[in-house]
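If you want the building blocks of each chain, they are given just below.
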Amino acid sequence: MTRILVTGANGYIGAHVVTALLRAGVTVLAADRSADAVSRYPKGVIPVEGDIFADPERLFERAGEVDTVLHLAWEKGFVHNDPVHIRRLPDHLRFFEAAIGAGVTHLVALGTMHEVGYHEGAIDESTPTNPRSLYGIAKDALRRSLGVVTDGKGVAVQWLRCYYIYGDDERGNSIFGKIAAAAQAGQKEFPFTSGKNRYDFIEVGELAEQIAAVSLQRDVTGIINCCTGEPVSLADEVEAYIARHGYDITLAYGAFPDRAYDSPGVWGDAGKIKQILAARP
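Everything quoted here is computed from the prediction, not taken from an experiment.

*Asks:* Would you explain the packing of helix 2 (residues 56-63) against helix 4 (residues 89-101) in this entry?
*Replies:* For any two helices packed against each other, the geometry is given by the interaxial angle and the distance between the axes. Packing of helix 2 against helix 4 leaves a shortest axis separation of 9 Å and a crossing angle of 40°. One finds that helix 2 runs oblique with respect to helix 4. Of the two possible hands of crossing, helix 2 and helix 4 adopt the one that is right-handed. Touching Pro56, Glu57, Leu59 and Phe60 of helix 2 are Arg94, Phe95, Ala98 and Ala99, all from helix 4. Grouping the constituent residues of the contact of helix 2 with helix 4 by class yields six nonpolar, no polar and two charged.

Here is the structure:
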């Protein structure tokens, strides 16, 4: 049975990925700082005590045999210009080096479309990167560094580039969660932009299924967009979200200006992820 060590297994995305992996019959090992972490995870998950940054070598000793490392953990991922992204960069790289040293031959890491920076149109694996936030800079630097430390070592590497995620909104920090909170607080109107910009939206459960599918195969590697490949206007997506949940709230269009640094339309090329999903047993 495949043994996958997951970091960030109790996070916003990680909790859904763990569920998807369990459904696929995988043995899930969850890296956790606490020695008593069983209650945080679904039945069947095996917590492995250890700090992925302070002592990753010891963590892998405790984990035993690991087929695949799925690295989802990232501090303050919703705060794109927090300096912690840069400060933690060497720790993320050391974690991967410890995995390689422990004999792991399959590394899967969570990236972001923010590595690319401003772009109009579809993003594929050859799209140049020019990140404009500390978050994007750190992710892009880690991706490049991972390519260097795995070169010639027979390690399969998959870099999962994610886009605009919604669902499980109480745990997230997206516009959808903010609208849900406003509606539940009795607010009747929500200040909004023009809503014309088009993005690649994906529900977190669907994203988790994609991440699990990628992690369970090694034929398709490199940068893989986890996305729908279908751009939808922000207004259409949010209006559909409000209707789907039956919220009694309307959008105040134009209350905020569109941000100058936001692309009028950006989405992922879904060719690779569709290939992976089509090949599932």
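*Asks:* Before we go on, may I ask you to explain empty space enclosed by the protein in this structure?
*Replies:* The method is simple in principle: a probe with the dimensions of a water molecule rolls over the atoms, and the space it marks as empty is what remains. Under the defined criterion, the tally for this structure stands at one cavity of 30 Å³ or more. Reported here for the largest cavity is a volume of approximately 30 Å³. What lines the largest cavity is His71, Leu72, Ala73, Trp74, Ala109, Leu110, Lys139, Leu142 and Trp159. Taken together, the elements giving at least two residues each to the lining of the largest cavity come down to strand 5 (106-112) and helix 5 (134-150). Looking at the lining of the largest cavity, its residues break down into seven nonpolar, one polar and one charged.

*Asks:* I keep staring at the layout of surface pockets and nothing clicks. Help me out?
*Replies:* Taken as a whole, the second largest pocket encloses approximately 280 Å³ of empty space. Lining the second largest pocket we find 15 residues, and of these Ala213, Leu216, Ile276, Arg280 and Pro281 sit closest to its centre. Residue assignment for the lining of the second largest pocket shows that the elements contributing at least two residues are helix 1 (14-23), helix 7 (204-215) and helix 9 (271-278). Here the element with the most residues in the lining of the second largest pocket is helix 7; it accounts for three residues. Partitioning the lining of the second largest pocket into residue classes produces nine nonpolar, two polar and four charged.

*Asks:* Sorry, what's going on with the environment of Gln217 here?
*Replies:* Inspection of the secondary structure puts Gln217 in the loop between helix 7 and strand 12 (222-226). Taking C-alpha positions, Gln217 is 16 Å from Val18, a pair spaced 199 residues apart along the chain. Among all residues touching Gln217, those that are not within four sequence positions of it are His106, Gln158 and Ile276. Among the polar contacts made by the side chain of Gln217, one reaches the main-chain amide nitrogen of Val220 at a distance of 2.9 Å.

*Asks:* Can you walk me through the nonpolar core in this structure?
*Replies:* Across soluble globular proteins, you tend to see nonpolar side chains buried next to one another. Membership of the largest hydrophobic core comes to 59 residues, with the highest contact counts inside it found for Val6, Ile13, Leu21, Leu70 and Ile211. If you look at the next biggest cluster of nonpolar residues, it comprises 31 residues, including Val69, Leu89, Leu107 and Val157.

*Asks:* Looking at this model, I keep getting lost on the pattern of salt bridges. Mind explaining?
*Replies:* One side chain can pair with another of opposite charge once the charged atoms of both are near each other. Applying the stated criterion to the full structure yields 14 salt bridges. The shortest N-O distance in the salt bridge between Glu115 and Arg143 comes to 3.4 Å. Pair noted here: Glu115 is in the loop between strand 5 and strand 6 (121-123) and Arg143 is in helix 5, with a separation of 28 residues, a long-range link. For Asp140, the salt bridge identified is with Arg143, shortest N-O distance 2.7 Å. With Asp140 and Arg143 both in helix 5 and three residues apart, this pair spans about one turn of that helix. No difference in accessibility class separates Asp140 from Arg143, as the two residues are buried. A single salt-bridge network, built from bridges that share partners, covers Glu115, Asp140, Arg143, Arg144 and Arg161.

What counts and how
- Per chain, residues are indexed from 1 in the order of the written sequence.
- With the structure being a predicted model, the display of local features is reserved for residues of pLDDT at least 70 and the display and counting of side-chain atom pairs for 80 or more, all residues being used for whole-chain, interface and lining totals.
- Just so you know, side-chain values use all the structure's heavy atoms and leave hydrogens and water out.
- A fitted line through C-alpha atoms serves as each axis, taken over the contacting stretch for helices, and the angle formed by two N-to-C directions is quoted from 0 to 180°.
- Elements are defined by DSSP. Helices are runs of H or I of four residues or more, strands are runs of E of two residues or more, and each kind is numbered from the N terminus.
- Here the word oblique covers every angle except those under 35 degrees (roughly parallel), over 145 (roughly antiparallel) and from 65 to 115 (roughly perpendicular).
- Working rule for handedness: look at the near helix, and if it is turned counterclockwise from the far one by less than a right angle, call the crossing left-handed; if clockwise, right-handed.
- Two residues form a contact once any of their heavy atoms are found within 4.5 Å.
- Asp, Glu, Lys and Arg are counted as charged, while Ala, Val, Leu, Ile, Met, Phe, Trp, Tyr, Cys and Pro are counted as nonpolar; the rest, among them Gly, fall into the polar class.
- Cavities and pockets are defined on a 1 Å grid built over the protein atoms alone: a cavity is a set of grid points where a 1.4 Å probe fits but cannot escape, while a pocket is an open set with protein on both sides within 12 Å along at least five of seven lines, and lining residues are those with an atom within 4 Å of any such point.
- Grid points are joined across faces, edges and corners, and a volume is the space filled by probe spheres set on the points.
- Definition of a polar contact: a pair of N or O atoms within 3.5 Å, with one able to donate and the other able to accept a hydrogen when the atoms are protein atoms, and with sequence-neighbouring residues admitted only if both atoms are side-chain atoms.
- The nonpolar core is taken to be a set of buried Ala, Val, Leu, Ile, Met, Phe, Trp, Tyr and Cys residues, with the residues joined through side-chain atoms within 4.5 Å.
- Burial status follows relative accessibility: with a 1.4 Å probe on protein chains alone, a residue under 20% of its type maximum counts as buried, one over 50% as exposed, and anything between as partly exposed.
- Definition used for salt bridges: Asp or Glu carboxyl oxygen within 4 Å of a side-chain nitrogen of Lys or Arg.

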